[in-house]
Amino acid sequence: MSDFEEKVRETLANPQNQGEMQDADSVGTVGSPDCGDMLRMWLKFTEKDGKKVIDRASFQSFGCQTAIAVASMATEMLKGKTAEEAAELNAQELSGDLGALPPMKIHCGQLVEGALKNALDQDAESSQPASNQGTSQTLASSMHQKPKGTLRIVPLED
Ligand code: FES
C-alpha cells in the first residue's frame, strides 16, 4: 500500500467534520463529470480581529473514499481562513497531510475544491447588500431547501 493510501485509510478511520451543518452561512455542491460522485460542503463564518473568517466547515460526500479523506483534511484546514485565502487553495493543497494526490485521484480532490469554491460563491452572493431586506435574506431560500436553523449572513466589512 502506498503512503497516500495508508494516510487515506487512517483519515477514514476517524473522518473530521462529516455531516450536515444546520446553521451554515453557505453551502456548495458539485458533482464530478469523471465519475458521477457528489460532494457538498457547508461553511460557517465568524469575525476575528475585524476580519471575516471561516469558523468551521463540514461536508457530506456521495463520493469515493479519497474524496472523503480530502474533505476531512480540507474542512480542518479551512478554519480561520478568509474567503479569499480559502479560494486560493487547490486540490493538492486541500489534501494536506495526505500528500500529493496520485494522478488517478486528482479529480477526487477537485471535487472538494469545487464544493468549496461553490460554497464561497454562494457566500459572496449572499453577502451583497440587499437593498430592501437587510439581513433577513437567507441563503437557503436560494438552495431549494428548507432552512432548518437560523441562517445568519455576516456582511463583509472592509
Ligand atoms: Fe470520483 Fe474519487 S473516484 S471522487
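For the structure itself, look to the data block above.
Here we summarise the structure given alongside this text.

The rules behind each value
Residues numbered from 1 in each chain as written. Predicted model: local features only at pLDDT ≥ 70, side-chain atom pairs only at ≥ 80, totals over all residues. Heavy atoms only, no water. Pairing = 2+ DSSP bridges. Helix = DSSP H or I, 4+ residues; strand = E, 2+ residues; numbered from the N terminus. Buried < 20%, exposed > 50% of the residue type's maximum accessible area, 1.4 Å probe, protein only. Expected span 1.5 Å × (residues − 1). Contact = heavy atoms within 4.5 Å. Salt bridge = Lys/Arg side-chain N within 4 Å of Asp/Glu carboxyl O. Axes fitted to C-alpha atoms, helices over the stretch in contact; angles between N-to-C directions. Parallel < 35°, antiparallel > 145°, perpendicular 65-115°, else oblique. Left-handed = near helix turned anticlockwise from the far one by under 90°. Nonpolar A, V, L, I, M, F, W, Y, C, P; charged D, E, K, R; others polar.

Our next topic: the pairing of strand E2 (residues 38–48). Sheet topology places strand E1 (residues 26–31) next to E2; 6 bridges connect them, and they run antiparallel. Following the sheet pairing, valine 27 is matched in E2 by tryptophan 42. Between E1 and E2, which follow one another and run antiparallel, lie 6 residues, and glycine 36 among them has a positive phi close to 85°. Pairing of E2 with strand E3 (residues 51–62), which is carried by 11 bridges, proceeds in the antiparallel orientation. Counterpart to glutamate 47 in the pairing with E3 is lysine 52.

Unusually for a residue other than glycine, asparagine 17 sits at a positive phi of about 60°. Looking at the element boundaries, asparagine 17 is found in the loop between helix H1 (3–13) and E1. Here aspartate 49, not a glycine, exhibits a phi torsion of approximately 50°, which is positive. Secondary-structure assignment places aspartate 49 in the loop between E2 and E3. With a relative accessible area of 75%, aspartate 49 lands in the exposed category.

All right, on to helix H2 (residues 65–77) then. The terminal C-alpha atoms of H2, which comprises 13 residues, lie 18 Å apart, in line with the 18 Å expected from a rise of 1.5 Å per residue. Buried residues dominate H2, accounting for 10 of its 13 residues. Taken residue by residue, H2 has Thr66, Ala67, Ile68, Ala69, Val70, Ala71, Ser72, Met73, Ala74 and Thr75 as its buried positions. Elements that come into contact with the buried residues of H2 comprise H1, E2, E3, helix H4 (91–94) and helix H5 (106–127).

Moving on, we get to the pattern of salt bridges. What the rule picks out here adds up to 7 salt bridges. Here aspartate 55 and arginine 56 are joined by a salt bridge, their closest N and O atoms 3.6 Å apart.

Summarising the element assignment, serine 61 is placed in strand E3. Excluding residues that lie within four positions of it along the chain, serine 61 makes contacts with Met38, Leu39, Ala67 and Ile68.

Closest axis-to-axis distance for the H1/H2 pair is 9 Å, and the angle between their directions is 70°. By the angle between their axes, H1 is roughly perpendicular relative to H2. Between H1 and H2 lies a crossing of left-handed hand. Touching Phe4, Val8, Thr11 and Leu12 of H1 are Gln65, Thr66, Ile68, Ala69, Ser72 and Met73, all from H2. Within the contact of H1 with H2, the residues separate by chemical class into 6 nonpolar, 4 polar and no charged.

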